[in-house]
Amino acid sequence: MQRFPRTATNIIAAVTALAWVIANVLGRSEQAAYALGFIPLRVELGSVAFPAAPAFLTPLTATLVHSGLVHLGFNLLILVWCGIQVERVLGSTGLIVLYVIGAYAAAAAQWGVNPHGNVPMIGASGAISAVLGSFALSFGRARAFTSNLRVNRWINVAWLMVAWVVLQFMMGWLGGQQGYLLATPAHVGGFAAGLLLQRPLLLWRYRKA
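Residues numbered from 1 in each chain as written. Predicted model: local features only at pLDDT ≥ 70, side-chain atom pairs only at ≥ 80, totals over all residues. Heavy atoms only, no water.

Chemist: Sorry, what's going on with the overall build of the protein here?
Modeler: Each helix and strand counted, the protein has eight helices and zero strands in total. Along the protein, from the amino end to the carboxyl end, the secondary structure elements read α-α-α-α-α-α-α-α. Put simply, the protein has 209 residues, and 43% of those count as buried. Summarising the internal contacts of the protein: among those between residues at least 6 apart in sequence, 79% fall at separations of at least 24. Put simply, the protein shows about 11300 Å² of open surface, and 67% of that area lies on carbon and sulfur atoms. (Helix = DSSP H or I, 4+ residues; strand = E, 2+ residues; numbered from the N terminus. Buried < 20%, exposed > 50% of the residue type's maximum accessible area, 1.4 Å probe, protein only. Contact = heavy atoms within 4.5 Å. Areas by Shrake-Rupley, 256 points an atom, 1.4 Å probe, with all protein chains shown as cover.)

Chemist: Just to check I follow, could you spell out the packing of helix α5 (residues 69-113) against helix α8 (residues 184-205) for this structure?
Modeler: Two quantities define a packed helix pair, namely the angle between the axes and the distance from one axis to the other. Look at α5 against α8: their axes get within 7 Å of each other, and the N-to-C directions meet at 150°. One way to sum up the angle between α5 and α8 is to call them roughly antiparallel. Seen from above, α5 lies across α8 with right-handed handedness. Here the contact of α5 with α8 is built from residues that sort into 16 nonpolar, nine polar and three charged. (Axes fitted to C-alpha atoms, helices over the stretch in contact; angles between N-to-C directions. Parallel < 35°, antiparallel > 145°, perpendicular 65-115°, else oblique. Left-handed = near helix turned anticlockwise from the far one by under 90°. Nonpolar A, V, L, I, M, F, W, Y, C, P; charged D, E, K, R; others polar.)

Chemist: Help me understand the environment of leucine 60, please; the structure alone is not making it clear to me.
Modeler: Following the sequence through the fold, leucine 60 ends up in helix α4 (residues 58-61). Put simply, leucine 60 and alanine 103 are 43 residues apart on the chain and 6.0 Å apart in space, counted from C-alpha to C-alpha.

Chemist: Honestly, α5 in this entry has me stumped. Any pointers?
Modeler: Think of an α-helix as 3.6 residues a turn; residues three or four steps apart then line up on the same face. Between its terminal C-alpha atoms α5 stretches only 28 Å, short of the 66 Å expected from 45 residues at 1.5 Å a residue. Along its length, α5 shows its largest kink, about 115°, at glycine 91. (Expected span 1.5 Å × (residues − 1). Bend = angle between axes of the 7 residues up to and from the residue.)

Chemist: Would you explain the side chain of glutamate 87 in this entry?
Modeler: Locating glutamate 87 in the fold gives a position in helix α5. Although buried, glutamate 87 forms no salt bridge, and the nearest oppositely charged side chain, arginine 88, lies 8.2 Å from it. (Lys, Arg positive; Asp, Glu negative; His and termini not counted. Salt bridge = Lys/Arg side-chain N within 4 Å of Asp/Glu carboxyl O.)

Chemist: Looking at this structure, how should I read the side chain of threonine 9?
Modeler: Note on placement: threonine 9 falls in helix α1 (residues 8-25). With a relative accessible area of 0%, threonine 9 lands in the buried category. At 3.2 Å, the side chain of threonine 9 forms a polar contact with the backbone oxygen of glycine 83. Those residues in contact with threonine 9 that lie beyond four places of it in its chain are Leu79, Val80, Gly83, Ile84, Glu87 and Leu95. (Polar contact = N/O pair within 3.5 Å; in protein donor to acceptor, adjacent residues only side chain to side chain.)

Chemist: Looking at this model, I keep getting lost on the packing of aromatic side chains. Mind explaining?
Modeler: Applying the stated criterion across every chain yields a total of zero aromatic pairs. A cation over an aromatic ring shows up here: arginine 207 above the ring of tryptophan 204, its NZ or CZ 4.4 Å from the ring centre. (Phe/Tyr/Trp six-rings, centres within 6.5 Å; stacked < 30°, edge-to-face > 60°. Lys NZ or Arg CZ within 6 Å of the ring centre and 35° of its normal.)

Rendered as C-alpha cells:
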C-alpha cells in the first residue's frame, strides 16, 4: 500500500482540511472566522472584545478558515496541484517560506486597500496565490502573443493571475461567502509575493551547487 507522501505541501493541506472539519463538527465556523480571520481594523485596534488569535498571527490563522466545502476543496486542489511542483523546485523549506510570506503579503495588500475594514478575511487563497505565482514563473508556458519571449512570459503570468482571481470569485459565489471576505487585493498581493520570491528562493536552495 502506497503511503501518503509527507511533503510540506501535503502537510499544509492536511492541517488546513483538519481545521475546517473540526470547526464544522463543533459548529464553530462563524466564531472561527472572527477569532482566526484577518480583520484589517485589528492592525490598529490590536485587542478585541471576543476571544481571538493575536492580530499579528491572523494572516496565518486565516488560512485555516474557509467559508464552505467548495471554497476549501478548490483551494486545496490548487495548493496540492501547484505546491508539489513548486516544492520540487524550491524544496520544502522554500515552499513553507513562500506560503507564510504569501499569507502576510495578502493580508498587507488587503490592509493597504481597506485599513478600516471590519469583515474577517478568511481562506488560504492569499498564501496559495504566492505558490501559484512561483508556479507561473517556474512552469508557465508562454504562448506566442508577440515576438518577444519575455513579454509573452509575463502575459502568461498576468493571465494566470486574472484567471485565479476570477475563479476565487466563482468559488465564493458557489460556496456562499456568508459575509466573509474573499478579497482581490489579497490574491494580487500573494501572487506578487510569489513572483518576487521565486528567484531568491531558487538561488538560496542551490547556493552550494
